[in-house]
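# Tertiary structure, described
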Amino acid sequence: MHTSSICVTSHHDPRQGVVQPLSTSSSYYYVDEGPQPYPRYFNTPNQVAVADRIARLEQAESGLVFSSGMAAISTTLFALLKPGDHVVMLKALYGGTHDFVVNQFNQWGVEYDFASTTVEDILSKCRPDTKLIYVESPTNPCLEVLDLDSLATTARQRKLLTICDNTFASPINQRPLTFGLDLVVHSGTKYLGGHSDLSCGAVIGSQVLIDQVTRAARRFGGNLGASDCHLLDRSLKTLDVRVTRQNENAGRIAAFLEAQPQVKQVHYPGLASHPNHALAARQMSGCGGMLSFELQPDLSAVRFLQQLQLAVPAMSLGGVDTTLCIPARTSHAAMPADERAACGVSDQLLRVSAGLEHEQDLIADFDQALHACARPLAAAAS
Ligand SMILES: *Cc1c(COP(=O)(O)O)cnc(C)c1O
């Protein structure tokens, strides 16, 4: 079945209504044999239905939904790792995941190394006790693309587990499990939820691995409530149309920005100038709704944000509104300036999450903000 059909079709009995009913019970009939539904067992009707839809979108056997992306990520890592294990992760990791690794791994005796966004560098960091490789592609905020096919092949030869955070791409643009990676994790708070009004997460993979994660998840208890499952499932019905439009808008904004003298560089895998453009074209069916760009050194990113009239300066991403942030002041604020510079995050870098507005309105807004922030302050104020 095509992705757009998986987004909308449901497996419940249509005599209950076109939409799967919202089942809010936390207590279920007990006399029957077999495991009873219970929210923290991750097996209530709405939890199962939405996890199943996400699994089908990622072309996987099974999935599990959580109350946040970090609940999905932390539970998955806790479920698979034990003291003495070593993990290789990308340097360009989502800030919350980086913080989790740096502050929790030592506590259970799990060791780790960070690698740059190439398979060669990841493999060079692997040791005999390495158990797992954890990656993201495209990365935040510079949109580097990692060769997932080559990563999966080499990791399998060495019997290493692989996990990919697929939040930025969404399953509409990229399905890492089809390249042979073992697990995908999502912050559903972003594209899957897609309306900036829901916190949730997911892990997807083979039945055997998801069973292992489920056992830990029932102990940790980061389950998603029935109403949020229902809202997430409703959001998924438009995932394909939303992301398709967001891909188009991001591509148009990137091409516009690249041609402007006030812009030093644009990072978007859909641009021919992007160093990983050919790889992105091979492994992604769309290049995504995220891009970032660097203003010329004499221009202020803060002033650019202040001039915007349609796009919203806001944290987070993946919603229907176009939002922008300055990574040096948000996701990378805690990082020392020299480390930040080493991963390409200057004070002039802006990250864009393209929404669903009309491309001409967005480009007009970016255009006026670029002109306004290039004017001397006194002129801008008058
Ligand atoms: C937001 C995000 C997370 C964390 O998700 P929460 O829902 O905020 O817990 C993890 N990975 C990526 C890439 C993200 O953007």
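Everything below is about the structure shown above.
Residues numbered from 1 in each chain as written. Predicted model: local features only at pLDDT ≥ 70, side-chain atom pairs only at ≥ 80, totals over all residues. Heavy atoms only, no water.

## Points about the overall build of the chain
- Helix and strand counts for the chain stand at 15 helices and twelve strands.
- Relative to the 2.2 N^0.38 estimate, which gives 21 Å for 382 residues, the radius of gyration of the chain is 21 Å and therefore close to what a compact globule would have.
- Along the longest, intermediate and shortest principal axes, the C-alpha atoms of the chain span 75 × 55 × 35 Å.
- Each of the 382 residues in the chain was classed as buried or not, and the buried ones make up 54%.
- Look at the contacts in the chain between residues 6 or more apart in sequence, and 74% of them connect residues 24 or more apart.
- Counting every atom, the chain has about 16,500 Å² of accessible surface; 52% of that belongs to carbon and sulfur.
- One finds the centroid of the 29 positive side-chain charges in the chain at a distance of 3 Å from the centroid of its 37 negative side-chain charges. (Helix = DSSP H or I, 4+ residues; strand = E, 2+ residues; numbered from the N terminus. Rg over C-alpha atoms; globule rule 2.2 N^0.38 Å. Buried < 20%, exposed > 50% of the residue type's maximum accessible area, 1.4 Å probe, protein only. Contact = heavy atoms within 4.5 Å. Areas by Shrake-Rupley, 256 points an atom, 1.4 Å probe, with all protein chains shown as cover. Lys, Arg positive; Asp, Glu negative; His and termini not counted. Charge placed at Lys NZ, Arg CZ, Asp CG, Glu CD.)

## Description of the packing of helix α10 (residues 239–258) against helix α14 (residues 359–374)
- Contact pair α10 / α14: the axes reach a minimum separation of 10 Å and the direction vectors enclose 30°. As α10 packs across α14, the resulting crossing turns out to be right-handed. Only Glu359, Leu362, Ile363, Phe366, Asp367 and Leu370 of α14 make contact with α10, whose side of the interface consists of Asn249, Arg252, Ile253, Phe256 and Leu257.
- Residue composition of the contact of α10 with α14, by class: seven nonpolar, one polar and three charged. (Axes fitted to C-alpha atoms, helices over the stretch in contact; angles between N-to-C directions. Left-handed = near helix turned anticlockwise from the far one by under 90°. Nonpolar A, V, L, I, M, F, W, Y, C, P; charged D, E, K, R; others polar.)

## As for the site of the ligand
- Close contacts around the ligand come from Ser68, Gly69, Met70, Ile73, Tyr94, Asp165, Thr167, Phe168, Ser187, Thr189, Lys190 and Cys200, and that covers them all.
- Residue Asp165 places a side-chain N or O atom 2.6 Å away from a nitrogen atom belonging to the ligand.
- Within the side chain of Ser187, a nitrogen or oxygen atom sits 2.9 Å from an oxygen atom of the ligand.
- Computed on the free molecule, the ligand has an accessible area of 380 Å², of which 91% lies beneath the protein chains in the complex. (Near = heavy atom within 4 Å. Polar contact = N/O pair within 3.5 Å; in protein donor to acceptor, adjacent residues only side chain to side chain.)

## Topic: the packing of aromatic side chains
- Applying the stated criterion across every chain, the model contains 13 aromatic pairs.
- Ring centres 6.3 Å apart and planes at 65° place the aromatic pair Phe100 and Trp108 in the edge-to-face group.
- Taking relative accessible area as the criterion, Phe100 reaches 9% and is therefore assigned buried.
- On the basis of relative accessible area, Trp108 is assigned to the buried category, the value being 18%.
- A connected cluster of aromatic rings, assembled from ring pairs, spans Phe78, Phe100, Phe105, Trp108, Tyr112, Phe114 and Phe220. (Phe/Tyr/Trp six-rings, centres within 6.5 Å; stacked < 30°, edge-to-face > 60°.)

## Observations regarding the sheet that holds strand β12 (residues 349–353)
- The strand order across the open sheet formed by five strands is β8-β9-β12-β11-β10, and the pairing between neighbours is mixed. Since the sheet does not close on itself, it has two edges, and those belong to β8 (263–267) and β10 (312–313), each with one partner.
- With five bridges joining them, strand β9 (residues 290–295) and β12 adopt antiparallel strand pairing. Residue pairing for β12: Ser292 is matched across the bridge by Arg351. (Pairing = 2+ DSSP bridges.)

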